[in-house]
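Summary of the model geometry
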Amino acid sequence: MNVDIEKAKGREVYNLLIGLVAPRPIAWVTTMSEDGRLNAAPFSAYNYVCTDPPIVAMGVTNRPDDIFVPKDTARNIRRTGEFVINVVTEDLMSQMNICATDFPPEVNELEMAGLTTAPSSVVKVPRIQQAHAALECVEHTTMEIGRSRIILGRVVSIYVEDQFIDPAGPYVRAEELHAIGRMNGLGSYVRTRDALLTMPRISYDEWKAGKR
Ligand SMILES: Cc1cc2nc3c(=O)[nH]c(=O)nc-3n(C[C@H](O)[C@H](O)[C@H](O)COP(=O)(O)O)c2cc1C
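Below, the structure is looked at part by part. Values in this document were obtained by computation on a predicted structure and should not be read as measured data.

Remarks on the site of the ligand
- Surveying the vicinity of the ligand reveals 20 residues, the closest of which are Asn39, Pro42, Ala45, Lys71 and Thr73.
- Ser44 places a polar main-chain atom, nitrogen or oxygen, 2.9 Å from a nitrogen atom of the ligand.
- Residue Lys71 places a side-chain N or O atom 2.9 Å away from an oxygen atom belonging to the ligand.
- Protein contacts shield 88% of the accessible area of the ligand, which totals 640 Å² for the unbound molecule.
- The leading source of residues in the shell around the ligand is strand 2 (residues 38-43), at four residues.
- For the shell around the ligand, the class distribution of residues is eight nonpolar, seven polar and five charged.

Here's what the structure looks like:
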């Protein structure tokens, strides 16, 4: 199958792209409106893009029913300049999914999912208390491209529960954190529980010495 993007419907492009650029990490984003109302929603058009400075990128498409209305997350970030990315782990999957429901802006998704918040270290927006790790971010840039916004956030503080940290690095104990990834648009996710392969990088000296 070859798909000419010029002729394809938006939904077809979405289905194919999210099925092929996979698995993806999920940013479970908490934000606050100017008057302090809390909001939470998941976004898998997400990754870090550099570490010096530490920048994450997130793609937020406008609400499907109206090309001009941004999702609450994008609107709050533009107005307050702050957000927190909570890491989605297996134990919190169904709560994350509840937060993707298209609730009206006055509804606090975290309450609907039975979750609570904890204060962040640097930003005003709280993190999700039950999440085992979170990145506090300030908005660096929001690019408006067509019906979408690409939000770049500078990470200003990182929270990880001690049990998931190997202090030697410090490294994240990925084999214990059990983060999940999103696959296609049919509700498929991957576990990282059994899927870890270890493959250290090869230095040039090792390569020359014939170590493969
Ligand atoms: C796992 C998952 C990943 C999602 N990723 C995105 C995404 O990358 N971009 C997007 O615009 N919507 C994405 N959504 C849909 C939003 O979470 C959904 O539209 C949500 O209601 C937006 O909430 P808000 O208006 O409170 O910001 C995703 C949904 C799920 C379940």
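After presenting the structure, the write-up continues.
Some points on the state of the cysteines
- Scanning the entire structure with this criterion turns up zero disulfides.
- Free cysteine Cys99: the closest other cysteine sulfur is in Cys137, separated by 17 Å.
- For Cys137, which is in no disulfide, the shortest distance to another cysteine sulfur is to Cys50 and amounts to 12 Å.
- You can call Cys137 buried: its relative accessible area is 0%.

A few points about the sheet that holds strand 1 (residues 27-32)
- Read across the open sheet, the seven strands follow the order 2-1-5-8-9-4-3; overall the sheet is antiparallel. Every other strand in the sheet has two partners, leaving strand 2 and strand 3 (46-51) as the edge strands with one partner each. Between one strand axis and the next, the sheet turns through 35 degrees on average, direction left out of account.
- Judged from the six bridges that link them, strand 1 and strand 2 form a sheet pairing that is antiparallel. Bridging from a neighbouring strand, Trp28 pairs with Pro42 of strand 2.
- Set on the sheet, helix 2 (residues 72-80) makes contact with strand 1, strand 2, strand 4 (54-61), strand 5 (82-87), strand 8 (133-145) and strand 9 (148-160); between it and strand 1 the angle comes to about 50 degrees.

Details of helix 2
- Among all positions in helix 2, only Asp72, Thr73, Ala74, Asn76 and Ile77 are buried.
- On its buried face, helix 2 is in contact with strand 1, strand 2, strand 4, strand 5, strand 8 and strand 9.
- Following helix 2 by one or two positions, Gly81 adopts a phi angle in the positive range, close to 75 degrees.

Section: the side chain of Glu90
- Checked against the element boundaries, Glu90 lands in the loop between strand 5 and helix 3 (93-98).
- Only 3.4 Å separates the side chain of Glu90 from the side chain of Arg191, close enough to count as a polar contact.
- Those residues in contact with Glu90 that sit more than four places away from it in its chain are His178, Ile180, Arg191 and Arg193.

Focus: unusual backbone geometry
- In this structure, the amide linkage connecting Ala22 to the following residue, Pro23, adopts the cis form with an omega of -5 degrees.
- Its place among the elements puts Pro23 in the loop between helix 1 (10-20) and strand 1.
- With an omega of 0 degrees, the peptide bond between Gly169 and Pro170 qualifies as cis.
- In this model, His178 sits at a positive phi of 60 degrees, which is unusual for a non-glycine residue.
- Structurally, His178 is set in the loop between helix 5 (174-177) and strand 12 (180-182).

Regarding the pattern of salt bridges
- The tally for this structure, following the rule as stated, stands at eleven salt bridges.
- Here Asp102 and Arg63 are joined by a salt bridge, their closest N and O atoms 2.5 Å apart. Taken together, the residues Asp102 in the loop between helix 3 and helix 4 (109-112) and Arg63 in the loop between strand 4 and helix 2 connect sequence positions 39 residues apart.
- Residues Arg193 and Glu90 are paired through a salt bridge, measuring 3.3 Å at the closest nitrogen-oxygen approach. A residue pair is termed long-range when its members are at least 10 positions apart, and Arg193 in the loop between strand 13 (189-191) and helix 6 (204-208) and Glu90 in the loop between strand 5 and helix 3 qualify at 103 residues.

Focus: a nonpolar patch on the surface
- The grouping of Met1, Val3, Ile5, Leu16, Leu17, Leu20 and Val21 at the surface amounts to a nonpolar patch, some 770 Å² of accessible area in total.
- For Val21, the location among the structural elements is in the loop between helix 1 and strand 1.

What to know about the nonpolar core
- Grouped together as the largest cluster of nonpolar side chains are 20 residues, with contacts concentrated most on Trp28, Val88, Met96, Cys99, Leu110, Leu115 and Ile128.
- Secondary-structure elements contributing two or more residues to this core are strand 1, strand 2 and strand 8.
- Membership of the second largest hydrophobic core comes to 16 residues, among which are Ile77, Ile85, Leu135 and Cys137.

Each value, and the rule that gives it
- Residues numbered from 1 in each chain as written.
- Predicted model: local features only at pLDDT ≥ 70, side-chain atom pairs only at ≥ 80, totals over all residues.
- Heavy atoms only, no water.
- Near = heavy atom within 4 Å.
- Polar contact = N/O pair within 3.5 Å; in protein donor to acceptor, adjacent residues only side chain to side chain.
- Areas by Shrake-Rupley, 256 points an atom, 1.4 Å probe, with all protein chains shown as cover.
- Helix = DSSP H or I, 4+ residues; strand = E, 2+ residues; numbered from the N terminus.
- Nonpolar A, V, L, I, M, F, W, Y, C, P; charged D, E, K, R; others polar.
- Disulfide = S-S within 2.5 Å.
- Buried < 20%, exposed > 50% of the residue type's maximum accessible area, 1.4 Å probe, protein only.
- Pairing = 2+ DSSP bridges.
- Axes fitted to C-alpha atoms, helices over the stretch in contact; angles between N-to-C directions.
- Contact = heavy atoms within 4.5 Å.
- Salt bridge = Lys/Arg side-chain N within 4 Å of Asp/Glu carboxyl O.
- Patch = residues over 30% accessible without salt bridge, like charges linked within 9 Å, V, L, I, M, F, W, Y side chains within 5 Å.
- Core = buried A, V, L, I, M, F, W, Y, C linked by side-chain atoms within 4.5 Å.

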